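Examination of the molecular architecture
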Amino acid sequence: MTTLLDTLPAVTGAERARILSAPRTKEAHRALMADIPAMTALQNGGAATQYTLPDTLSVIAWNVERCLFPQDSTRHIAPLAPQVVLLSEVDHGMARTCQRHTTADMARALGMTYVFGVEFFELDLGGPTEMGLCRDDFNALGWHGNAILSAVPPQRVTLIRLDDHGHWFNGNDGAGDPQQPRLGGRMAIAAVLPSRTGPVCVVSTHLESNASAQHRHEQFAVLLDALEEFAPGMPVVIGGDLNTGNHLPPRFDWRDETLFSLAETRGYDWSATPAGVTTRPSLITPHPERRMKLDWFCTRGLSCLENRLLPAIDTDNRPLSDHEAIWCRLNLASGP
């Protein structure tokens, strides 16, 4: 059972010292994850503007790359009038984003409720390109994670951990990054929302970037199994950065992933995803050669009426993220 809190408890000095001194093993990581309260809880807040979703649903999924510009990012997506926003890579109490709770800032500006969950507890300030964004030499909280913003209050929510072995903690499988020491792992947040046609399950997720297609296949299988238990038989929309093709040289091609056929065998559909590459150079990730299709909608029991790729460039031609936002309008009254 996922604990839902108004405020996530900060990591204490003693807990931080324990993390830093712990052996870099999967067993140590699992013990730390169980003992740090924020790693097993979700935070909620904001205010709903509606009580029930209409027959059609406007959904945005966006990896906002730390969410450097919450107000500008909100203005960027507001014309699409989203009723659900599925975010990944949002900061909460990080120096590189001025210690803001970026999810709460976006929810407030959009007039939405939010649910935020911690993907990683960041032990340092970030890589070289992020250091230049820091005014402080410390993180107030160090949270980095996923979120769901909604125009209606959720009926139920859950946190789904997709791995617990410490992919970025122990470094034994080559994933460790000395510039990003962290506790945690990839995860998803699922929420059941009320609509005129009955409850619908919405999911924000982020799969592993520094891994094989098999690793992501296994993570997606964990997610689908958890959703079958959380929302059996319910219409579902999953949105997020699935990192498809990432770390798969030389092609870095999403078509080399097996999670697509896995989902289809479970009755899911990918047609709500707009066509096109979803990455771009940004202030943090200035790599024009990295052109990949990483971001997707995966649905069950819903039909897509329209979709669109929203370039992550503001009116001053400034990149808001290294990912484009994806948008779709779904019919809740009938499936595909």
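Right above here is the structure, for reference.
Residues numbered from 1 in each chain as written. Predicted model: local features only at pLDDT ≥ 70, side-chain atom pairs only at ≥ 80, totals over all residues. Heavy atoms only, no water.

Turning to the overall build of the protein chain, a few remarks are in order. For the protein chain, the count of helices and strands is 7 helices and 14 strands. Referenced to the eigenvectors of the C-alpha coordinate spread, the extents of the protein chain come out at roughly 55 × 45 × 45 Å. Looking at the protein chain as a whole, 59% of its 336 residues are labelled buried. Intrachain contacts of the protein chain at a sequence separation of at least 6 include 79% that bridge at least 24 residues. Here the protein chain has roughly 13,100 Å² of accessible surface; of this, 52% comes from carbon and sulfur atoms. Measuring between centres, the 28 positive side-chain charges of the protein chain sit 2 Å from its 38 negative side-chain charges. (Helix = DSSP H or I, 4+ residues; strand = E, 2+ residues; numbered from the N terminus. Buried < 20%, exposed > 50% of the residue type's maximum accessible area, 1.4 Å probe, protein only. Contact = heavy atoms within 4.5 Å. Areas by Shrake-Rupley, 256 points an atom, 1.4 Å probe, with all protein chains shown as cover. Lys, Arg positive; Asp, Glu negative; His and termini not counted. Charge placed at Lys NZ, Arg CZ, Asp CG, Glu CD.)

This part is about the packing of helix α3 (residues 70-77) against helix α4 (residues 102-110). For the pair α3 and α4, the least separation of the axes is 9 Å and the interaxial angle reads 40°. It follows from the interaxial angle that α3 and α4 lie oblique. As for the relative orientation of α3 and α4, their crossing is right-handed in sense. Between α3 and α4, the residues in contact are P70, Q71, S73, T74 and I77 and T102, D105, M106, A109 and L110, respectively. Of the residues in the contact of α3 with α4, the class split is 5 nonpolar, 4 polar and 1 charged. (Axes fitted to C-alpha atoms, helices over the stretch in contact; angles between N-to-C directions. Parallel < 35°, antiparallel > 145°, perpendicular 65-115°, else oblique. Left-handed = near helix turned anticlockwise from the far one by under 90°. Nonpolar A, V, L, I, M, F, W, Y, C, P; charged D, E, K, R; others polar.)

Turning our eyes to something else, we now look at the packing of aromatic side chains. In this description, an aromatic ring pair is defined by two values, namely the gap between the centres and the angle between the planes. Summed over all chains, the structure comprises 7 aromatic pairs. An angle of 80° between the planes, with centres 5.5 Å apart, marks the rings of W254 and F260 as edge-to-face. Clustering of aromatic rings is evident, with ring pairs tying together F220, W254, F260, W270 and W296. The lysine or arginine in question, K293, covers the ring of W296, its NZ or CZ lying 5.0 Å from the ring centre. When the ring centre of F69 is taken as reference, the NZ or CZ atom of R318 above it lies at 3.8 Å. (Phe/Tyr/Trp six-rings, centres within 6.5 Å; stacked < 30°, edge-to-face > 60°. Lys NZ or Arg CZ within 6 Å of the ring centre and 35° of its normal.)

Attention now goes to the packing of helix α1 (residues 13-21) against helix α2 (residues 26-35). Remark: α1 packs on α2, axes separated minimally by 11 Å, with the N-to-C direction vectors making an angle of 170°. Compared by their axis directions, α1 and α2 come out roughly antiparallel. The chirality of how α1 crosses α2 is left-handed. Where α1 abuts α2, its residues E15, R18 and I19 lie against A31, L32 and D35.

Another aspect to go through is the pattern of salt bridges. Tallying each qualifying case throughout the model produces 22 salt bridges. We note a salt bridge from D72 to R75, for which the minimum N-O separation is 2.2 Å. Taken together, the residues span about one helical turn, with D72 and R75 both in helix α3 at a distance of 3 residues. Among the ionic pairs, E257 bridges to R216, the shortest N-O distance being 2.7 Å. One end of the pair, E257, is in the loop between β11 (236-241) and α7 (259-265); the other, R216, is in helix α6 (residues 213-230), with 41 residues separating them in the sequence. Residues participating in the shared-partner salt-bridge network are R66, E89, D91, R96 and E130. (Salt bridge = Lys/Arg side-chain N within 4 Å of Asp/Glu carboxyl O.)

Moving on to α4. Those residues of α4 that fall on the buried side of the exposure criterion are T102, T103, A104, D105, M106 and A107. Against β3 (56-66), α3, β4 (84-92), β5 (113-122) and β6 (143-150) lie the buried residues of α4. Immediately downstream of α4, the backbone of G111 shows phi near 70°, a positive value.

Positionally, T278 belongs in the loop between α7 and β12 (295-300). Assessed through its relative accessible area of 1%, T278 is described here as buried. The spacing of T278 and S321 is 43 residues in sequence and 10 Å in space, taken between C-alpha atoms. In contact with T278, other than residues within four places in its own chain, are M292, K293, L294, D295, L309, D322, H323, E324 and I326.

Take the sheet that holds strand β7 (residues 156-161) next. Hydrogen bonds between backbone groups are what pair the strands of a sheet, and the pairing can be parallel or antiparallel. Overall, mixed pairing links the 5 strands, which are arranged β7-β9-β10-β11-β12 in an open sheet. Whereas interior strands pair on both sides, the edge strands pair on one side only; in this sheet they are β7 and β12. Averaged over all neighbouring strand pairs, the angle between strand axes comes to 15°, with direction disregarded. Both β7 and strand β9 (residues 187-193) contribute to a ladder of 6 bridges, which runs antiparallel. (Pairing = 2+ DSSP bridges.)

Once that is clear, we can look at the nonpolar core. Where a protein is soluble and globular, its nonpolar side chains tend to be buried together. Counting 43 residues, the largest nonpolar core has I19, W62, L87, W143, L149 and L183 as its most contacted members. Sorting the residues of this core by element identifies α2, β3, β4, α4, β5, β6 and β14 (325-331) as the ones contributing at least two each. With 4 residues, the top contributor of residues to this core is β5. Not counting residues up to four positions away in its chain, the partners in contact with L149 are Q83, V84, V85, L87, T103, M106, A107, L110, M112, T113 and Y114. (Core = buried A, V, L, I, M, F, W, Y, C linked by side-chain atoms within 4.5 Å.)

Keep in mind these values describe shape, not function.
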